[in-house]
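As a plain string of letters, each chain reads:
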Amino acid sequence: MNFFKVKTSWSNAEFVGIKLCMASAYLLIGSYFHDFFKDYYTLLLVIFGFTVIWFVYQWLKKMKQSNLN
């Protein structure tokens with residue numbers, strides 16, 4: 001069984017479903033554990049900021065590489 005070795009390609013529109021699924025799960029978890037996470041807002045904001053910058057950098061780098069090919 002090579003389930004994990006199968007390669008697929010997805011369009012951006014096809015990712016909408018998984019993104020909505022993950023976002024709703026994050027909202028449910030965040031609202032359920034609101035009191036637990038309120039002490040960590042600053043840390044979570046810093047992690048979010050770094051990961052957004054890293055993701056946008058990687059995305060722009062891949063776009064630039066695909067334009068060169």
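The present account deals with the structure reproduced in this document. Please read all numbers here as calculations on a predicted model, not as lab measurements. (Residues numbered from 1 in each chain as written. Predicted model: local features only at pLDDT ≥ 70, side-chain atom pairs only at ≥ 80, totals over all residues. Heavy atoms only, no water.)

**With respect to the packing of aromatic side chains**
Logical step 1: What the rule picks out here adds up to four aromatic pairs.
Logical step 2: Considering the side-chain rings of phenylalanine 36 and phenylalanine 37, the 5.2 Å spacing of their centres and the 75 degrees angle between planes classify their relative orientation as edge-to-face.
Logical step 3: Summarising the aromatic geometry, the rings of phenylalanine 36 and tyrosine 40 are spaced 5.7 Å apart at their centres and angled 50 degrees between planes, so their arrangement reads as tilted.
Logical step 4: Through a chain of ring-to-ring contacts, the aromatic side chains of Phe36, Phe37 and Tyr40 assemble into a single cluster. (Phe/Tyr/Trp six-rings, centres within 6.5 Å; stacked < 30°, edge-to-face > 60°.)

**Concerning a nonpolar patch on the surface**
Logical step 1: A grouping of Ile29, Tyr32, Phe33, Phe36, Tyr40, Tyr41, Leu43, Leu44 and Ile47 is seen on the molecular surface, where their side chains present a nonpolar patch of about 950 Å² in accessible area.
Logical step 2: Counting only elements with at least two residues in the nonpolar patch, the list comes to helix H1 (16–32) and helix H3 (41–68).
Logical step 3: No other element matches the four residues that H3 contributes to the nonpolar patch.
Logical step 4: Mapped onto the fold, phenylalanine 36 is located in helix H2 (residues 34–37). (Patch = residues over 30% accessible without salt bridge, like charges linked within 9 Å, V, L, I, M, F, W, Y side chains within 5 Å. Areas by Shrake-Rupley, 256 points an atom, 1.4 Å probe, with all protein chains shown as cover. Salt bridge = Lys/Arg side-chain N within 4 Å of Asp/Glu carboxyl O. Helix = DSSP H or I, 4+ residues; strand = E, 2+ residues; numbered from the N terminus.)

Don't take any of this as a statement about function, it's just geometry.
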